[in-house]
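# Close look at the chain arrangement
As a plain string of letters, each chain reads:
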Amino acid sequence: MIVGMTGASRQRQRQLPCLPAAVGLACALMLFGGSLFAGEQRSVDAQALYNTHCAECHGGDRLGGTGPALLPENLGRLDREDAHAVIGEGLPATQMPGFGHVLDDDQVDALVEFIYTPLDDTPEWRLADMNATWVSHVEDSEGLSGKPQFDADPENIFLVVETGDHHVTVLDGDRFEPIHRFKSRHALHGGPKYSADGRYVFLASRDGWISRYDLYNLRTTHEIRAGINTRNLALSGDGRYVLVGNYLPHTLVVLDAHDLTAVERIPVVDEAGENSSRVSAVYQAAPRGSFIVALRDAPEVWELFHDPDTTPETAGSVEGVDGDADFAVRRIPLQDPMDDFFFTPDYRRLLGAARDAGRSVVLDLDTGEEVATVPIAGMPHLASGITWEYQGRQVMATPHLREAAVSVVDVETWEVIREIETKGPGFFLRSHENSPYAWVDVFFGPNRDLMHVIDKQSLEIVETLQPEAGKTAAHVEFTRDGSHALVSIWEMDGALVVYDAETLEEVERLPMRRPSGKYNVSNKIYRSPGTSH
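Parameters and conventions
Residues numbered from 1 in each chain as written. Predicted model: local features only at pLDDT ≥ 70, side-chain atom pairs only at ≥ 80, totals over all residues. Heavy atoms only, no water. Helix = DSSP H or I, 4+ residues; strand = E, 2+ residues; numbered from the N terminus. Buried < 20%, exposed > 50% of the residue type's maximum accessible area, 1.4 Å probe, protein only. Contact = heavy atoms within 4.5 Å. Areas by Shrake-Rupley, 256 points an atom, 1.4 Å probe, with all protein chains shown as cover. Phe/Tyr/Trp six-rings, centres within 6.5 Å; stacked < 30°, edge-to-face > 60°. Salt bridge = Lys/Arg side-chain N within 4 Å of Asp/Glu carboxyl O. Axes fitted to C-alpha atoms, helices over the stretch in contact; angles between N-to-C directions. Parallel < 35°, antiparallel > 145°, perpendicular 65-115°, else oblique. Nonpolar A, V, L, I, M, F, W, Y, C, P; charged D, E, K, R; others polar. Pairing = 2+ DSSP bridges.

## Topic: the overall build of the protein
For the protein, the helix and strand inventory stands at 8 helices and 34 strands. Burial status across the protein gives 60% buried among its 533 residues. Long-range pairs, those at least 24 residues apart, make up 52% of the contacts in the protein with a sequence separation of at least 6. Here the protein has roughly 20200 Å² of accessible surface; of this, 47% comes from carbon and sulfur atoms.

## Notes on the packing of aromatic side chains
This model, assessed by the stated rule, comprises 15 aromatic pairs. Seen from their ring centres, Tyr283 and Phe343 are 5.2 Å apart, and the 65° between their planes marks the pair as edge-to-face. Taken as a pair, Tyr283 in strand E13 (residues 279–285) and Phe343 in strand E18 (residues 341–343) lie far apart in primary sequence, 60 residues in all. Ring geometry for Phe427 against Phe444: centres 5.7 Å apart, planes inclined by 45°, an arrangement best described as tilted. Pair noted here: Phe427 is in the loop between strand E25 (416–421) and strand E26 (429–430) and Phe444 is in the loop between strand E27 (437–441) and strand E28 (451–455), with a separation of 17 residues, a long-range link. Assigned by exposure class, Phe427 and Phe444 land together as buried. Each residue in the set Phe427, Phe428, Phe443, Phe444 and Trp490 is aromatic and connected to the rest through ring pairs, giving one cluster.

## A few points about the pattern of salt bridges
Summed over the entire model, instances satisfying the criterion amount to 26 salt bridges. Put simply, Glu113 and Arg80 hold a salt bridge, and the shortest N to O gap is 3.7 Å. Pair noted here: Glu113 is in helix H6 (residues 105–115) and Arg80 is in helix H5 (residues 80–89), with a separation of 33 residues, a long-range link. On the basis of relative accessible area, Glu113 is assigned to the partly exposed category, the value being 29%.

## Some points on the packing of helix H3 (residues 46–53) against H6
Where H3 contacts H6, the two axes come as close as 9 Å, and the packing angle between them is 90°. Taken together, the axis directions place H3 and H6 in an arrangement best described as roughly perpendicular. Facing H3, whose interface residues are Ala46, Gln47, Leu49 and Tyr50, H6 presents Gln107, Ala110, Leu111 and Phe114. Here the residues of the contact of H3 with H6 are counted per class, giving 6 nonpolar, 2 polar and no charged.

## Here's the deal with the sheet that holds strand E31 (residues 484–489)
Read from one edge to the other, the open sheet built from 4 strands follows the order E30-E31-E32-E33, with strand pairing classed as antiparallel. Looking at strand neighbours, the two that pair on one side only are strand E30 (473–478) and strand E33 (506–512), the edges of this open sheet. Between one strand axis and the next, the sheet turns by 20° as a mean value, whatever way the strands run. Across 6 bridges, the pairing between E31 and strand E32 (residues 494–500) is antiparallel. Each residue of the ladder has a partner; that of His484, found in E32, is Asp500.

## Quick notes on unusual backbone geometry
With an omega of -10°, the peptide bond between Leu248 and Pro249 qualifies as cis. Along the chain, the position of Pro249 falls in the loop between strand E10 (241–248) and strand E11 (251–256). The residue Leu260 is not glycine, and still its phi comes out positive at about 65°. Looking at the secondary structure, you find Leu260 in the loop between E11 and strand E12 (262–267). Given the relative accessible area of 0%, Leu260 is considered buried. In this structure, Tyr347 is a non-glycine residue whose phi angle is positive, near 60°. With respect to the helices and strands, the residue Tyr347 is situated in the loop between E18 and strand E19 (349–354).

See the structure below:
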């Protein structure tokens, strides 16, 4: 029972629409603050409430941290009534808990008012601001080695992000031994992106810091703060540029991949020029010579061309950005905003989740047309989708953030072949081309300590593992050859659990501080169909 919640409030919560996970997390954390908006004539110190409950995740200045910024600019798709409900009960399929057991209605109302109050001065974070933060950790004269300075296969290295104490472990994927461990920026978010040769890796933190790390020499080379609240980054297929997508300000930022100097700042505004939008994700589309950009608050997909010679003559408007032909933006109009994508291997088509609309659609990137609707409910986590051959045809599979199921879809007909029932909603689905199995976690709900193993031909769960009772098991990643699967125990006193991918027996356990994800160099640079890219 929610303390202090009226019957009307509880009814309002039951009618709360399905909201994007990232919005839910941001809203929830923001809701921890307070304000002077109260039904009773009593004063509530909203700032004190915010400092106590929200500042650790969303920043004392509300500009974001592990959680998104809590400002009117970032809350366009959440009205005050729904925000009240989110604070009270939290949001399913997010890390946002409910606070109705510790906050009464007046306190929640105060927090809502607080987070919807604009700051006196919201940073615009222009190119000059970015370049003022730029730092080089190496001198040109240092002459860093062009060969790995360790005895391990450089393409079977894992980067393990340990969010518990903000470190990254460089792990030998053959011996399962740490090679090096270094301190990262606060709250890394999104998967690291590797250069084509596997030497460099680019990391993004929630508070906008972008880092370039030299895996061969085991050191950070350059850093810059490209935003106030950053979603993720992508590296261009030719290795020349890094594109950063921001929640705050509403911008895309192009960086030179060689030294991370800021090249271009692109405001994200709809075609009418009336509404700006957060960037929910940026993706590399190497076969197209472009980036694909997901907008959270506008019914458009953007294709950003980093080389004018690769710009196709396609449908949709193409415009120059600030007169620079190297970064032309093609706008593709949609019926609804889509903030989660799955791409076919040729990057011709994408399956996008229109979460607020409760539907998933297929977009042909060549024509700019929506060509199919896929009956996938339950808020699919399409960014975690994987592919494999099934009965002579290509299929994709995705877990759901709200439903206890994995959907398997034919990517030619876009028909749902099978709904595989699981023990709860999942976050990550992974496999490898050399493995007969796909692994999916049960990240949300009471069975979060379980890991399902699915036979990719029978489409049945053949084993359910429990790496450690009562502790969240998540995010599988395979070794370069697919012989072993690594599972995170997502806790402060967590671990990396290594399984034999054929026998499903545990072979190694490495203690770690909340290892949120691990990323194999080979699987990423060669675009294994069993993992995200």
